[in-house]
Amino acid sequence: MDEKKIMEGVLLLLEGIGEDPMREGLRETPQRVARMYQEIFAGMAQSAAQPLSKTFHTQQTDMVLEKDIQFYSACEHHLLPFYGKAHVAYVPNGKVAGLSKLARTVEVYAKRPQLQERMTAQIADALMEHLQPEGAMVMLEAEHMCMTMRGIKKPGSRTVTYAARGVFADDEALKGRFFQMVKQ
């Protein structure tokens with residue numbers, strides 16, 4: 001990331017909204033925002049290949065579900081946060097990933113300017129590519145600050161997206177079991 005450009009952009013933003021970037025409370029804001037952006041957009045320099053490369057051989061052939069994975073992201077349209085829970089499942093085909101690796105995969109895609117719909121598909125596609133399971137399913141439930149604090153102003157509304165790949169796309173009973181397990 002180009003920390004200098006971020007700081008220059010924040011300085012221009014502060015001036016643009018009519019603030020004095022040299023007043024006491026704002027003097028270090030450009031540097032703080034640049035450091036924050038390095039953290040919240042760290043996924044720009046990451047790949048799901050890394051967390052999903054650590055696998056273990058298994059005879060397990062039933063669904064593996066990691067649910068209620070908390071995530072925070074930024075809407076690419078307004079650069080405002082959206083946050084919620086991810087539910088990630090797959091049916092192994094000879095290998096499983098460590099459970100923390102599923103959460104790390106969510107983080108890789110959450111820590112970028114994002115669309116929730118794209119993020120859902122990216123996680124499912126990464127599971128299919130790197131684990132080669134029989135199928136994968138991902139569901140995200142999130143509240144978008146662009147819907148809460150501006151525009152329509154509807155706090156508490158949640159957007160739900162899902163992506164089904166492989167056997168999850170073909171087997172309605174399996175898909176139904178996923179939704180049932182997420183609700184428990």
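Computed from a prediction, not measured in an experiment: that's the story for all the values here.

### Notes on the packing of helix α4 (residues 99-110) against helix α5 (residues 116-131)
The geometry of α4 relative to α5 is characterised by a closest axis approach of 10 Å and an angle of 135° between their N-to-C directions. One element, α4, and the other, α5, form an angle in the oblique class. Seen along the crossing, α4 lies across α5 with a hand that is right-handed. Of α5, the residues touching α4 (which contributes Leu102, Thr105, Val106, Tyr109 and Ala110) are Met119, Gln122, Ile123, Ala126 and Leu127.

### Side note on the pairing of strand β2 (residues 64-75)
Across 9 bridges, β2 lies against strand β3 (residues 81-91) in antiparallel orientation. Within β3, the position partnered with Phe71 by the bridge is Gly84. Here β2 folds back onto β3, and the loop between the two strands holds 5 residues, one of which, Leu79, carries a positive phi near 55°. Here 2 bridges tie β2 to strand β5 (residues 113-114), and the two strands are oriented parallel to one another. Bridging from a neighbouring strand, Cys75 pairs with Gln114 of β5.

### A short note on the pairing of β3
Taking burial as the measure, the 11 residues of β3 include 8 buried ones, the bulk of the element. Where β3 meets strand β6 (residues 135-144), 10 bridges bridge the pair, whose relative direction is antiparallel. The partner of Ala86 across the bridge, within β6, is Leu140.

### Looking at the pattern of salt bridges
Taken as a whole, this structure holds 8 salt bridges when the rule is applied. Between Arg32 and Glu28 there is a salt bridge, with the nearest N and O atoms lying 3.9 Å from each other. Classification of Arg32 by relative accessible area gives partly exposed; the value is 37%.

### Some words on the nonpolar core
Within soluble globular proteins, side chains that are nonpolar generally end up buried alongside one another. Grouped together as the largest cluster of nonpolar side chains are 31 residues, with contacts concentrated most on Phe71, Val88 and Met119. Those elements giving two or more residues to this core turn out to be β2, β3, β4 (95-97), α4, α5, β6 and α6 (145-148). Considering every element that reaches this core, the biggest residue donor is α5, with 6 residues. Contacts of Phe71, omitting those with residues within four sequence positions, involve Phe82, Tyr83, Gly84, Lys85, Ala86, Val106, Glu107, Ala110, Met119, Leu140, Glu141 and Ala142. Listed in part, the 11 residues of the second largest apolar core include Leu65, Val91, Met139 and Val182.

### Examining the side chain of Gln114
Mapping Gln114 onto the fold places it in strand β5. Within the local environment of Gln114, its side chain forms a polar contact with the backbone oxygen of Tyr109, the two atoms lying 2.9 Å apart. Those residues within four positions of Gln114 in sequence are excluded, and the remaining contacts are Ser73, Ala74, Cys75, Glu76, Phe82, Tyr109, Met119 and Gln122.

Rules used throughout
Starting from 1, residues in each chain are numbered consecutively following that chain's sequence as written. Whole-chain, interface and lining totals are the exception, using all residues; otherwise, since this is a predicted model, local features are given only for residues with pLDDT of at least 70 and side-chain atom pairs are given and counted only at 80 or more. Side-chain descriptors were evaluated using all non-hydrogen atoms of the structure, hydrogens and water having been removed beforehand. Lines fitted to the C-alpha atoms define the axes, with helices restricted to the stretch that makes contact. Angles between their N-to-C directions range from 0 to 180 degrees. Helix and strand assignments come from DSSP, with helices taken as H or I runs of at least 4 residues and strands as E runs of at least 2, each series counted from the N terminus. Should an angle lie under 35 degrees it is considered roughly parallel, over 145 roughly antiparallel, and from 65 to 115 roughly perpendicular; all remaining angles are considered oblique. Helix crossings are classified by the rotation of the near helix relative to the far one: an anticlockwise turn of less than a right angle makes the crossing left-handed, while a clockwise turn makes it right-handed. Contact between two residues is taken to exist if any of their heavy atoms lie within 4.5 Å; hydrogens are not considered. Any two strands between which DSSP finds at least two bridges are classified as paired. Exposed residues in this analysis have more than 50% of their type's maximum accessible area, buried residues have under 20%, and partly exposed residues fall in between, with area computed by a 1.4 Å probe over protein chains only. We count a salt bridge whenever a side-chain nitrogen from Lys or Arg sits within 4 Å of a carboxyl oxygen from Asp or Glu. Residues grouped as a nonpolar core are buried Ala, Val, Leu, Ile, Met, Phe, Trp, Tyr and Cys residues, joined through side-chain atoms within 4.5 Å. Whenever a nitrogen or oxygen atom comes within 3.5 Å of another N or O atom, the pair is scored as a polar contact, on the condition that within protein one atom can donate a hydrogen and the other can accept it, and that pairs from neighbouring residues in sequence are kept only if both atoms are in side chains.

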